[in-house]
Structures are given as C-alpha cells and as structure tokens.
Amino acid sequence: ELETGFQSPFVIMNAGVFPCNRQTEGMTSSTSIAVSFKRREMVILGTQYAGEMKKGVFTIMNYLMPLMPKRDLPPADRALPLHASANIGPDNDVSIFFGLSGTGKTTLSADPKRELIGDDEHVWHPKGVFNIEGGCYAKTIGLTREKEPEIY
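The structure presented is a predicted model; accordingly, all values stated were derived computationally and were not measured. (Residues numbered from 1 in each chain as written. Predicted model: local features only at pLDDT ≥ 70, side-chain atom pairs only at ≥ 80, totals over all residues. Heavy atoms only, no water.)

Draft legend 1. Local environment of helix α1 (residues 51–64). Compared with the 20 Å implied by 1.5 Å per residue over 14 residues, the 20 Å span of α1 between its first and last C-alpha is a close match. Structurally, α1 contributes buried residues whose contacts are with β2 (32–36), β3 (41–45), β4 (80–88) and β7 (121–125). (Helix = DSSP H or I, 4+ residues; strand = E, 2+ residues; numbered from the N terminus. Expected span 1.5 Å × (residues − 1). Contact = heavy atoms within 4.5 Å.)

Draft legend 2. Seen up close, the pairing of β7. Where burial is concerned, most of β7 is hidden: 4 out of the 5 residues are buried. One ladder, built from 4 bridges, connects β4 with β7; its direction is antiparallel. The residue of β7 that forms the bridge with Pro81 is Val123. As defined by bridge partners, β7 adjoins strand β8 (residues 128–131) across 4 bridges and the pair is classed as antiparallel. Note that in β8 the partner of His125 across the bridge is Gly128. Between the end of β7 and the start of β8, which pair antiparallel, lie 2 residues. (Buried < 20%, exposed > 50% of the residue type's maximum accessible area, 1.4 Å probe, protein only. Pairing = 2+ DSSP bridges.)

Draft legend 3. Fine view of the pattern of salt bridges. Across all of its chains, the model carries 7 salt bridges by this definition. Here Asp120 makes a salt bridge to Lys105, at a shortest N to O gap of 3.9 Å. Note that Asp120 is positioned in the loop between β6 (115–118) and β7 and Lys105 in helix α2 (residues 105–109), a separation of 15 residues in sequence. No difference in accessibility class separates Asp120 from Lys105, as the two residues are buried. Overlapping salt bridges bring together Lys54, Lys55, Lys105, Asp120 and Glu121 as one network. (Salt bridge = Lys/Arg side-chain N within 4 Å of Asp/Glu carboxyl O.)

Draft legend 4. Structural detail: the nonpolar core. Within the largest apolar cluster, 5 residues are counted, these being Phe10, Met42, Ile44, Ile60 and Leu64. When contributions to this core are tallied by element, the ones reaching two or more residues are β3 and α1. Beyond its immediate chain neighbours, meaning those up to four positions away, Met42 contacts Val11, Ile12, Met13, Ile33, Ala34, Val35, Met53, Gly56, Val57 and Ile60. (Core = buried A, V, L, I, M, F, W, Y, C linked by side-chain atoms within 4.5 Å.)

Draft legend 5. Representation of the packing of aromatic side chains within the structure. In total, this model carries 2 aromatic pairs according to the counting rule given. A ring pair is formed by Phe10 and Phe37, whose centres lie 5.7 Å apart and whose planes are at 80 degrees; its orientation type is edge-to-face. Taken as a pair, Phe10 in the segment before β1 (11–15) and Phe37 in the loop between β2 and β3 lie far apart in primary sequence, 27 residues in all. Judged by centre distance (4.1 Å) and plane angle (40 degrees), the rings of Phe37 and Tyr63 are tilted. Taken as a pair, Phe37 in the loop between β2 and β3 and Tyr63 in helix α1 lie far apart in primary sequence, 26 residues in all. Of the residues examined, Phe37 reaches a relative accessible area of 30% and is grouped as partly exposed. Taken together through their ring pairs, the aromatic side chains of Phe10, Phe37 and Tyr63 make up a single cluster. (Phe/Tyr/Trp six-rings, centres within 6.5 Å; stacked < 30°, edge-to-face > 60°.)

Draft legend 6. Spatial organisation of the side chain of Lys105. The class for Lys105 is buried, based on a relative accessible area of 6%. Excluding its chain neighbours within four sequence positions, the residues that come into contact with Lys105 are His83, Ala84, Ser85, Phe97, Phe98, Gly99, Leu100, Asp119 and Asp120.

Draft legend 7. Broad picture of a nonpolar patch on the surface. Nonpolar side chains collect at one region of the surface, where Ile12, Met53 and Val57 lie side by side and expose about 190 Å² of accessible area between them. Residue position: Val57 is located in helix α1. Taking the relative accessible area as the measure of exposure, Val57 reaches 31% and is therefore partly exposed. (Patch = residues over 30% accessible without salt bridge, like charges linked within 9 Å, V, L, I, M, F, W, Y side chains within 5 Å. Areas by Shrake-Rupley, 256 points an atom, 1.4 Å probe, with all protein chains shown as cover.)

Listed below in structure tokens is the structure:
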C-alpha cells in the first residue's frame, strides 16, 4: 500500500460526553473539536451533537480537496469543496445552490424534474460535481408531505 501512495485515513475520536479540562491553557470551554493534519486525527470532546463529525470532515475536505489531484496543478484543474446543494438535469446540466444552513438549499435542489446529487456538501471538480456526504440530510422540523413533497 505504501508503494502505491496510500495514505492512512483520518481517525475521528468522538468522546462527546467527556468534557475538556478548562484548566488547560487556552481552553475557555468544556467543548473542543481539534484537528491534526500531521497525525490525521480529529478529537471531539464535550458535545454530543453528531453534526460536529459531519462539519469536521467538511473542514478536512476544505483543506485537502483544493490540493487534489496534485498540488502543482493550476487552480482550474483542482477540486473545490462547496457548502451547497446540487442537482442534475436530463441533459447532464448541473445546478449548484449556495447558501448558509437553513436558507433553502435542500428545498431548491429537490426538483421533481431533476435528480438530486446532494443537499449540503459537495466538491466541484473539472470532471463534475460529487457529494461528500452520500445523501440528503434535510431538516425535519415542520416537514410535511403537503409543504415539501419531494423532500418528504
């Protein structure tokens, strides 16, 4: 594996119920999400919010993907991570919807005439757009079949 350029994966250690030591220098909270690119590790302490893992992986992708596939390529040939939703039409035309969380990206991308690529985190690459998460993670607060049938 080492001869083929294999890199070890990032390891996520989530000890959400275990708080940080607030007596540690520079620590102002019982919650911490720390990433080491050198050791390829992420440590989550003091929070049971599962979204920290998702957003942590997106943070890692924001660092690594612009360097892919090779660091010495011109920027137009590299990968760009996006906080956006995306869908694709019958003629392979891709639409990308940018926006902050909760601003309607999922609703806009759920078009009955287009196939959903994903609703939150993507990479735009010269060969196309792909979803980092592998699915759709719509907020379900107030979600009904009548209001948003495509998402429901």
